[in-house]
Structures are given as C-alpha cells and as structure tokens.
Amino acid sequence: MIPDEILATLTLRAGFNSAVVVAGTACLGVAAGVIGSFMLLRKRAMVSDALSHATLPGIALAFLIATALGMEGRSLPVLLAGALFSGVLGVLAIQAISRFTRLPEDAAIGAVLSVFFGVGVVLLSHIQTLATGNQAGLKTFILGQTAAMNRNEAMAIAGLALAALAACVLLFKEFRLLCFDPGFAAGQGWPTVRIDLTLMGLTTLVTVIGLQTVGLILIIALLIVPPAAARFWTEKLWAMLVIAAVLGGISGWLGASLSALVPRLPAGAVIVLVAGSLFLFSFLFAPARGVVATAWRQARLRLAYAEQAALTGLLHGRPPASGGMDTWLRVRGMVRDSALTARGRDAARSSERNRRLWERFLIHYPTLVPGRANWGIDPIDRVLPRDLVLELESLPEQLSP
Amino acid sequence: MMTSQEFLQIDLPAMTAAVLACVSCALVGNFLVLRRQSMMGDAISHAILPGIVMGFLVTGSRAGLPVILGALAAAVLAGVLIEAVRRLGRLDGGAAMGVVFTVMFAGGVVLIEQGAARAVDLDADCVLYGQLEAILWLAPSGWSDLADPAVWTELPHQVVVLAAVTLLCVVCVTLFYKELALTSFDPHLATTLGYPAGLFHYGVVVLVAVAAIASFEAVGSILVVAMLICPAATARLLTDRLPVQLWLSVGIGGATGAGGYLLGAFGPTVLMGEPADALNAAGMIATLAGVLLTAAILFAPRHGILGRRRSALRLGPDDPHGAERNDVVSNAVTR
C-alpha cells in the first residue's frame, strides 16, 4: 500500500464519496460517545445492546411489508423506520418486564435481546425463500458495511448524528441530574420519566443510524467503549463528554478510513478495534483513574505512611523496623548513624504535628472531613482553611471532645 | 411425503442436537438468572468467536478439539478480562462486559474476514445462526437399522458432544446442588459458612461457557443466549422452589428445542398446504422460547401480571373467603 493513499484517505482527500463516508462515520462516533456517556453513568450500558439486537425483526418486517406493497424493499428510510419501531418496542418490553414481574433487569435484557434477534433470523430465512427476495442488502445490517453507502446516506447519517448531539447539549442539565441523582430530580419536580425516555430515544436514534456502518451487533461498542475510556481521564462530567466525543470521533474516522483502504476489513469491526485500543491505552495510562497512575499513587501513599511511622518512632528513640526504610531515610538525608539528622528531626516534628492536628480535626469535626484528602498525610495547612487550623492548634490535648 | 429414512437421517439428529443444546443451556441458565448474571451468557457467547476462528484456522475444520479448546480459552480470557476491567478500572459491571465482549467479537469478525481471503469455509453466519440443518446421520436407512450397533457408532459428532456436555451439566448440578443454591441466593452467608462463593462464581461461568460452546454450532451464538435465559426465566415465574424450577426449565428447554425445530422444519409446509422451504430452526426455537416466556409473564398463577391481578381480586371483600382472611389480617394488626 502506498503511504500517499493512506494520507489522502485520512485527510479526506481521496475522492468526495469516501470523504463523506469517513466524515459521516466520525460524526456518528462523536454523537455515540456523548450519548453513551450518559447511558454509562445511568448504568444502562447493556440496554443499548438489547436495543440494537431488537432492530433486526423490524428491518426484516419493513422489507416484507414494503415488498408486499410493491415498493422497493431495500430503500434505507423504510428499513430504518422498521428498525426504529422494533427497537423502541424492545426497550419498552425490557422496562415492562423488569417493572411488572419478579425477573431482574438483566434477565429481561437478555431475553428481549435473544428473542427479538431470533424472530429477526426467522424472518430473514423466510425472505431468503421468496422468489423476489434479495436479502443481500439486509445482511449488511448485522455486521455493517461502509462500502455500500452512498453520498446521500452518509450525509443523512452525519446530519442526524449532529442533531442528536445538539439535543444532548441542550438537555445537558437535565441528563446530568438524571444520571447522578434521579430521586432528587423527581423530588424537585423534574419529569424524570420523560427525560429518561428522551435519553432512550436519542440512544435509539444513534443505534439506528449506526446500523448500516457498524452493524447491529457492534454498534453497542460505540456507545460503551469511548465513554468507558473517557471515564479514566477525568472526574468531571463535561470533560468526560468532550473526551468521549473525541475518542468516538477518532474511532469512527480511523476505522472507516482503514476499512476503505484495506480489502476485506469490515468497517464495524475495525471501528470497534480502534476504539478498543484507545480504551486499553486509557485504562492503563490515563492520569486520573488509569491503572498505572492509581498504582503509583497508592505506592506513594503507602511509602508516606511508612515514612511517617518510622520518623515518629525515631523521634521517640525506636529504630525503624525494616532495613529498607532505614536505607530510604538515609538516602533522603534524614538519618545518619541510626540517629535523626537536624533535617530529619524537623521533618519528624512537622509530620507528628500534622498527624495530631488531623486527629483533632477528625474527632471534633467528623462531618466536615473532605472526601478526597489522605488523612494524616496531606499537609493540613493546605487542605483546611487557616482559621480552622489555628482553632485546632488551640484545642486542649485530650481525645474525647 | 417424508419417508422414515429422511426423518431418521435429517430431522432426528438435528432435533436431538437442538433438544440437548436447549436442555444443557436451560439447566445452567437457572444459576445465571438467579445470580443476576444473565448478561454474562451474552458476553461469553460473543467473546468465544475469536477462539473458535483461531481453532478453525489451525485445523481447517469446524469440529476438532482445537476449536473447542480455543473457544474455552477465549471464554476464560473474557471472564478474567471483565473482572479485571471491573475491579482495576472501577467500572460498572455492564460496561466492563460491553467493552470486553464487543472488542473480542470485533477481533473475531476481522479474523474471519481475513481467513476468508484465504478461501476458508467459515463465515460469520454459521457462528451467528448455527447450522442445525447441517447435522446429518447418514447411517440408518430405516427404523430396523437402529438395532444395529454399527449404526450408532456413526452418530454425528455434534450430537455426541452435546450429549456429553448435557451429562456433564447434570452431574455438576447434582453434585454441587447445595453449594450452588447457597452461593446463588446468599453468597455472603456461603462465605461465612466456609464455601468459596468466588470459586463457584467462576465454576458457573465455566459451565455456561462449556454449554454455550457445545451449543453454538447447533443454535448459533446469539440464540444460545435465548436458551440460557428464557427457559430459566419462564420457570422462575412459575414456581418459588429451586428443585421445581430446575426441572421445569429443563422440561421447557427440551420442549422448546423439539417444538421450535418442528415448527421451523414443517411449519411452512403445514401452513401453506404444499411443500415449502423450511424456516431457520434456531431462530424458531428462540421465538418459541419468547412466546412461552410471554405467556408466563402474563398468565403465571402467582407471579404473572394477569394471574396476580386475579389473586388480588380473590382477596377482595366480595369473596367471602377473602373477607374472612382480611379480618384475620386486620385482627392480627390491631392486636
């Protein structure tokens, strides 16, 4: 393969048609990333899986009805209308089962997913036996195919994805409330059921417009993987949305380009694999919640506690229990000839003061304790306001308040 | 008209495979439903795809041991990865499953397409929908042949594997019945009593994986999910006792397998009144399972939506017994 060709496709210069397809898929990725973030925080990730599988019977039924009425069965709007109908029916069935019966939600999701898909498979096998039936176009919905997409379809996908994105931005406040505290939202008089249905409706829209590109088995990946990856980078909702949108956009853009360049590389699977690599990178190396960063922070915290214990012990004439800690303190210039240096004594005193003040604070103001501070280790002067620290210092030395 | 030879060679082996697949999946599915782990069945049935394709690319046949081993390895890998992403990444369980199984399935799809470039006889279709119709038993030519032991040695390998797996599932559930029940209903109590609840969690996952792998060739990977969940969920609505639920789900699974196959194979012919093409049997089995589940949701005597309404009416003041019972209840409350 020629590098020029790769560059041309990636930068949307390889012909107008493929540029539109790549751009449309990228828009889809952006919209799915943002809407999927809300679904992820709402702990509804698997509902979208059932939703996408449930579209199959609708597609097949729409084809059958359109053919029976003498229309072109494979026209995209007809098929997508059918997909929308049965997808919504599937979601309503899940909600009804988990609300009105004793079955747990996961059983409802699994049952709806597999039964709807089974009905779809039966209908497809029926279409295959029809004399007029050409189901070649229908099967592309299962695993997705960008090659068959024309310019107008790609533009429609991009337009609908951007509309879904705009709706999400407009309803940001409502969705945030719903994700983090639905009970509070209901108590404040927000129409939570309607907001919930709107979110499900947007998810359905993204699923349906993604069917042709990514396919109904893997469209759920665009709704789950980029948001899950974005979660590792930040603790803020708006930042998570932006990162998920960027990751989803990159997945759609790179995946569609690669699939256009390399023969026999189905677009849906490649998009998911790109998203999966981005997820793996975020999972390992994201600074906020990534595995490496978390392990590093935990190791440093453990060392800080051990160092504090050793310094306090030395101040009261007890040598550190482990040889490793002794070496560490010597390297830091706090201990020489198993006695504290001047620097070590200062550090030990200030760390003991810090620990005492933290103790008093936890005893006297247990309701004010900040959640994200490491008690006893973080310098209390930096965590608490100055007047509170002065008050803690003036408190008498006793344990019970 | 169908001859007994056709029935013995085409329909009987396929139907037996369908029934065995449904029975083994329904039996282990009970514990997935009780543990609120139903989606684990979905995740595993998707995640085994790359393992199957790898095993297939190595041997070039869909039947060999490498395929089964590859699928099992992929299932275990999926289980470990899901747990790792959930614990280390502090993600919601559903999201962890969604990430792992979609990526593994996508890898499998790419492997299939790349393998297909080398003219290999495997496509995503047979993994998704199964190939029940391809299970043939060419040895017997009439009912009298069944007495000949040589005929039995040529039983299709899918049926043999499914029979062995069904037996394995029955033996495991019988042997560990007490432990499975305890860890499903109250894992914390089980742990305090000294039963390793975590080990049984993985045991259930492995058993589900084995049943799913043995069945995927017959009913396809997604319809395995229907067989894992629907019979168990139907039985759960009909009874409150675990042994009854297990028997019911196995009965429902077997009946669904046989009935779905017959509907798919002969339904169109009967409906049209003339010979017609068969419908996809695996899809028909899932559809029938859905119909039975819907019936149970609506009409189950105590837990169905309509059944519950009727028993609520029976407690109303119009019913003399109901009024009596209400008196007893209100007396007990006032005292």
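Residue positions are given per chain, counting from 1 as you read along its sequence in written order. The order in which chains are written sets their letters, starting at A; the order in which ligands are written sets their numbers, starting at 1. Note on the predicted model: pLDDT of at least 70 is required for a residue's local features to be given, and 80 or more for side-chain atom pairs to be given and counted; whole-chain, interface and lining totals, by contrast, use all residues. Hydrogens are left out, water is left out, and the side-chain values use all remaining heavy atoms of the structure.

Q: Is there a simple way to think about the overall build of chain A in this case?
A: Numbering of helices and strands runs from the N terminus; a helix is a DSSP stretch of H or I covering at least four residues, while a strand is a stretch of E covering at least two. In terms of helices and strands, chain A carries 19 helices and two strands. When accessible area is computed with a 1.4 Å probe and restricted to protein chains, residues below 20% of their type maximum are described as buried, those above 50% as exposed, and intermediate ones as partly exposed. Relative to its full complement of 401 residues, chain A shows a buried share of 52%. Taking contacts inside chain A between residues at least 6 apart in sequence as the whole, the part at least 24 apart equals 68%. Methods summary: accessible areas were calculated by the Shrake-Rupley approach with a probe of 1.4 Å, and residue burial reflects only the protein chains presented. Put simply, chain A shows about 18,200 Å² of open surface, and 64% of that area lies on carbon and sulfur atoms. In what follows, a contact means two residues having at least one pair of non-hydrogen atoms within 4.5 Å.

Q: Can you walk me through the pattern of salt bridges in this structure?
A: Oppositely charged side chains are able to pair whenever their charged atoms sit close together. Between Lys or Arg on one side and Asp or Glu on the other, a salt bridge is scored when a side-chain nitrogen of the former is within 4 Å of a carboxyl oxygen of the latter. For the coordinates displayed, the defined rule picks out 15 salt bridges over all chains. Here E83 of chain B makes a salt bridge to R87 of chain B, at a shortest N to O gap of 3.4 Å. Taken together, the positions of E83 of chain B and R87 of chain B, both in helix α4 (residues 65-88) and four residues apart, correspond to about one turn of that helix. Take E83 of chain B: its relative accessible area is 15%, and that puts it in the buried class. Residue R87 of chain B is classed as exposed on the basis of its relative accessible area of 58%. By sharing partners, the salt bridges in this structure join R42, R44, E105 and D196 of chain A into a single network.

Q: Honestly, the interface of chain B and chain A in this entry has me stumped. Any pointers?
A: Where the parts come together, the accessible area they lose is often given as the size of the interface. Contact with chain B, which involves 59 residues of that partner, is made by 54 residues of chain A. Summed over both partners, the accessible area (1.4 Å probe) lost when two parts come together is defined as the buried area. Taken together, both faces of the contact between chain B and chain A bury some 4,700 Å²; the carbon and sulfur share is 75%. Linking chain B to chain A there are one salt bridge. Put simply, R102 of chain A and D240 of chain B hold a salt bridge, and the shortest N to O gap is 2.7 Å. Polar contacts, as counted here, are pairs of nitrogen or oxygen atoms within 3.5 Å of one another; within protein the pair requires one atom able to donate a hydrogen and one able to accept it, and residues that are adjacent in sequence qualify only if both atoms are side-chain atoms. Counting across the chain B and chain A interface gives nine residue pairs in polar contact (both at pLDDT 80 or more). Those elements that provide at least two residues to the side of chain B that touches chain A are α2 (38-47), α4, α5 (93-117), α6 (124-129), α12 (221-238), α14 (281-299) and α15 (305-314) of chain B. In terms of residue count, α5 of chain B provides more of the side of chain B that touches chain A than any other element does, 16 residues in total. Residues are grouped as follows: Ala, Val, Leu, Ile, Met, Phe, Trp, Tyr, Cys and Pro are nonpolar; Asp, Glu, Lys and Arg are charged; every other residue, Gly included, is polar. Looking at the side of chain B that touches chain A residue by residue, the classes come out as 34 nonpolar, 15 polar and ten charged.

Q: Explain the side chain of S38 of chain B to me, please; I cannot follow it from the model alone.
A: Among the structural elements, S38 of chain B can be located in helix α2. Non-local contacts of S38 of chain B, meaning those with residues more than four positions away in its chain, are made with D106 and A107 of chain A together with L32, V33 and I229 of chain B.

Q: Sorry, what's going on with the nonpolar core here?
A: The nonpolar side chains of a soluble globular protein tend to be buried, and buried together. The biggest cluster of nonpolar side chains holds 193 residues, and the ones touching the most others in it are F38, I142 and F279 of chain A together with L132 of chain B. Those residues in contact with I142 of chain A that lie beyond four places of it in its chain are L56, L124, G215, L216 and I217 of chain A together with L128 and Y129 of chain B. Joining through side-chain atoms within 4.5 Å is the link that ties buried Ala, Val, Leu, Ile, Met, Phe, Trp, Tyr and Cys residues into a set, and such a set is a nonpolar core.

Q: What is the right way to read the packing of aromatic side chains from this model?
A: Here the aromatic set is Phe, Tyr and Trp, taking the six-membered ring for Trp, and pairing holds for ring centres within 6.5 Å; pairs whose planes are under 30 degrees apart are stacked, those over 60 apart are edge-to-face, and all others are tilted. Per the stated rule, a full pass over the model turns up nine aromatic pairs over all chains. Ring plane angle 75 degrees and centroid distance 5.9 Å describe the contact between W358 of chain A and F361 of chain A, whose orientation is recorded as edge-to-face. Highlighted residues: W358 of chain A and F361 of chain A, both in helix α17 (residues 342-364), separated by three residues, approximately one helical turn. Classification of W358 of chain A by relative accessible area gives buried; the value is 1%. Overall, F361 of chain A belongs to the buried group, its relative accessible area being 1%. A ring pair is formed by F176 of chain B and F200 of chain B, whose centres lie 5.9 Å apart and whose planes are at 70 degrees; its orientation type is edge-to-face. Residue F176 of chain B is located in the loop between α8 (157-175) and α9 (177-185), and its partner F200 of chain B is located in helix α11 (residues 197-219); the two are separated by 24 residues in the primary sequence. Judged by its relative accessible area of 37%, F176 of chain B is partly exposed. Site record: aromatic cluster; members linked through ring pairs are F232, F279 and F283 of chain A.

Q: Help me understand the environment of S37 of chain A, please; the structure alone is not making it clear to me.
A: Residue and element names in this part refer to chain A. In this structure, S37 sits in helix α2 (residues 16-41). Taking the relative accessible area as the measure of exposure, S37 reaches 0% and is therefore buried. Here the alpha-carbon distance between S37 and V225, two residues 188 residues apart in the chain, equals 9.4 Å. The residues contacting S37, other than those within four sequence positions of it, are P227, M240, L241 and A244.

Q: Would you explain the layout of surface pockets in this entry?
A: Any space left empty among the atoms is revealed by the rolling of a water-sized probe across them. Residues and elements named next belong to chain A. Space inside the largest pocket adds up to approximately 1,000 Å³. Taken together, 30 residues line the largest pocket, and the ones lying closest to its centre are R300, L301, N374, I377 and D378. Looking at the lining of the largest pocket element by element, the count peaks at ten residues for helix α15 (residues 291-315). The residue makeup of the lining of the largest pocket, split by class, is eleven nonpolar, eight polar and eleven charged. Cavities and pockets are found on a 1 Å grid laid over the protein atoms alone: a cavity is a set of points where a 1.4 Å probe fits but cannot escape, a pocket is an open set with protein on both sides within 12 Å along at least five of seven lines, and a lining residue has an atom within 4 Å of such a point. Grid points are joined across faces, edges and corners, and a volume is the space filled by probe spheres set on the points.

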